[in-house]
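# Fold and contact review
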Amino acid sequence: MRRFVIRRVRSLLDRSNQHHHHYKNNPFLISSSSSSSSSQYQSRFLSSTSVLGSSSSSMAPAVTVDTINPKVLKCEYAVRGEIVTLAQRLQQDLKDNPGSHPFDEILYCNIGNPQSLGQQPLTFFREVLALCDHPPILDKSETQGLFSTDAIARAWQILDQIPGGATGAYSHSQGIKGLRDTIAAGIEARDGFPADPNDIFLTDGASVGVHMMMQLLIRSEKDGILCPIPQYPLYSASIALHGGTLVPYYLDEAAGWGLEISELKKQLEDARAKGITVRALCVINPGNPTGQVLAEENLREIVEFSKQEGLVLLADEVYQENVYVPEKSFHSLKKVSRSMGYGEEDISLVSFQSVSKGYYGECGKRGGYMEITGFSPDVREQIYKVASVNLCSNITGQILASLVMSPPKVGDESYDSYCAERDGILSSLARRAKTLEDALNSLEGVTCNKAEGAMYLFPRIQLPQKAIKAAEAANSAPDAFYCRHLLNATGIVVVPGSGFGQVPGTWHFRCTILPQEDKIPAIVSRLTDFHKKFMDEYRD
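The text that follows walks through the structure, step by step, so that each part is easy to find. Note that this is a predicted model, so its numbers are computed, not measured.

Glancing now at the packing of aromatic side chains. Within this structure, the stated rule accounts for 14 aromatic pairs. Judged by centre distance (5.0 Å) and plane angle (80°), the ring pair of Tyr482 and Phe534 falls under edge-to-face. Taken together, the residues Tyr482 in helix H18 (residues 478-490) and Phe534 in helix H19 (residues 520-538) connect sequence positions 52 residues apart. According to the relative accessible area criterion, Tyr482 is buried, its value standing at 0%. Within the aromatic cluster, the residues linked to one another by ring pairs are Phe481, Tyr482, Phe509, Phe530, Phe534 and Tyr538. Here the basic side chain of Arg510 rests over the ring of Tyr456, its NZ or CZ set 3.9 Å away from the ring centre.

As structure tokens, then:
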């Protein structure tokens, strides 16, 4: 074996000398910085072969969890975390070994991903996208019979707005100007106050906009962002990644997850006393994971508080279409602030919208926007610079964002079918929310506030001490312990409340209302049976 290695080394060294001679006679094939001699090459090669031939341990890997950015380690994203990883393993196991578990399918209730659970896309939206992506279809005679006239007209309009009429080309870094015009008009129609297309940045979903603002606002761990608890883990994750501090304000579960200004003041003062400069206040309305819809008077208080304290107001309004109770309505924070007489010079406000939620649920298309008002021209220039680093958001998502804010109107051919699809989805979501809410409230030790909006329920579980001790022994949070047992027994995937934040000593889980209606009875039945057995097993 040793003779074989020696022969192999000599052969390679001879070849290296030939290469060296070749490079000397071909100066364009080698740079001056890399023109080392063959003896140096031999030395390096012999060094590496000596390691291979020795019994010493190999070199340490270039990257380990101890050497990566510690901000990445600190970042967590519960809705695709440990429970979901286990669910994916179980799903593969069911495929490879049918009948190997006490359930025949995994029911994903962990993430707001409607089309993955059977929701159909809106016909008008997809017709426009298809025509924009393949314009030659527009010139075919068959198209008139296959596509609605308003979808054809909208596709022509959009293609005229896209430079070169090509959806595969880059756009302006803020997004296509004509699409921003359409979105601004939609915002103005919704709120009754002017909107400027130059204030709009089209993004790959609202998440990218949130990251951009965290990048802008956070300078060090001494900068804080006020976030609701429970919160959507995007905020805790992005704050951690950008090296800031999450300043929690607790929603009042007993008051239907209400937002109290006294709690905001308390947390702001506590943070400042610790030397933290609080830069912004994040408001999620309708709430995620909590499902509440904030009243207009409450929103006025929030605007006034932000103005007095000099905070940037970050308005996560991606569920604005998802309101299920007749006594509540969505009001944008921009509309509220303008109705109070506050303009650009009074308050800095960033509003986020997404095509992933609402009744459209186009998560995979990655479309959204942020509307930025109340920022000076030099700051806006920096925001534009950050957007430019990403070149532009994807064009399909840009088109969808314009369609969401400007759907078919009365008199359009698609109007009736569009309304039927939209209303059918929203009314079904309302029914599913009520069914799951009632089922959860019927369980021993479980209380669940009404889902007024969004796509989630966030029930509280009173776990027996025996279960809490068992979780501690398993090195697990008690609600994660419960969720793991639920998954293993039923195939239902929910997310532990500890992934969203909660009042210490309380336990929750987040459950979406998105499985199709024909799946809801199975979820209720499996959950009810499991919970009874779990409580009996761990009863104190």
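Still to come is the rest of the account.
Here helix H5 (residues 123-133) crosses helix H7 (residues 149-161) at 45°, and the two axes come no closer than 9 Å. With respect to H7, the axis of H5 lies oblique. For the pair H5 and H7, the crossing hand works out as right-handed. Taken together, the residues of H7 that come into contact with H5 (itself represented by Phe124, Glu127, Val128, Leu131 and Cys132) are Asp150, Ala151, Ile152, Arg154, Ala155, Ile158 and Leu159. Taken together, the residues of the contact of H5 with H7 break down into 9 nonpolar, no polar and 3 charged.

Covered by surrounding structure in strand S14 (residues 509-512) are Phe509 and Cys511 together with Arg510 and Thr512, the residues of both alternating faces. Of the strand pairs in this sheet, strand S10 (residues 456-457) and S14 are connected by 2 bridges, and their pairing is antiparallel. Within S14, the residue paired with Tyr456 across the bridge is Thr512. Here strand S13 (residues 495-496) pairs with S14 via 2 bridges, running antiparallel. Bridge assignment links Pro496 to a residue of S14, and that residue is Phe509.

This part takes up the sheet that holds strand S5 (residues 277-284). Read from one edge to the other, the open sheet built from 7 strands follows the order S2-S8-S7-S6-S5-S3-S4, with strand pairing classed as mixed. Sheet topology places strand S2 (200-203) and strand S4 (245-250) at the edges, where each strand pairs with a single neighbour. Pairwise comparison of adjacent strand axes, ignoring direction, gives a mean angle of 20° for this sheet. Judged from the 4 bridges that link them, strand S3 (residues 223-229) and S5 form a sheet pairing that is parallel. Paired with Gly224 across the bridge in S5 is Val278. Packed on one face of the sheet, helix H8 (residues 177-191) meets S2 and strand S8 (368-373) and runs near 115° to S2.

Rules of the game
Residues numbered from 1 in each chain as written. Predicted model: local features only at pLDDT ≥ 70, side-chain atom pairs only at ≥ 80, totals over all residues. Heavy atoms only, no water. Phe/Tyr/Trp six-rings, centres within 6.5 Å; stacked < 30°, edge-to-face > 60°. Helix = DSSP H or I, 4+ residues; strand = E, 2+ residues; numbered from the N terminus. Buried < 20%, exposed > 50% of the residue type's maximum accessible area, 1.4 Å probe, protein only. Lys NZ or Arg CZ within 6 Å of the ring centre and 35° of its normal. Axes fitted to C-alpha atoms, helices over the stretch in contact; angles between N-to-C directions. Parallel < 35°, antiparallel > 145°, perpendicular 65-115°, else oblique. Left-handed = near helix turned anticlockwise from the far one by under 90°. Contact = heavy atoms within 4.5 Å. Nonpolar A, V, L, I, M, F, W, Y, C, P; charged D, E, K, R; others polar. Pairing = 2+ DSSP bridges.

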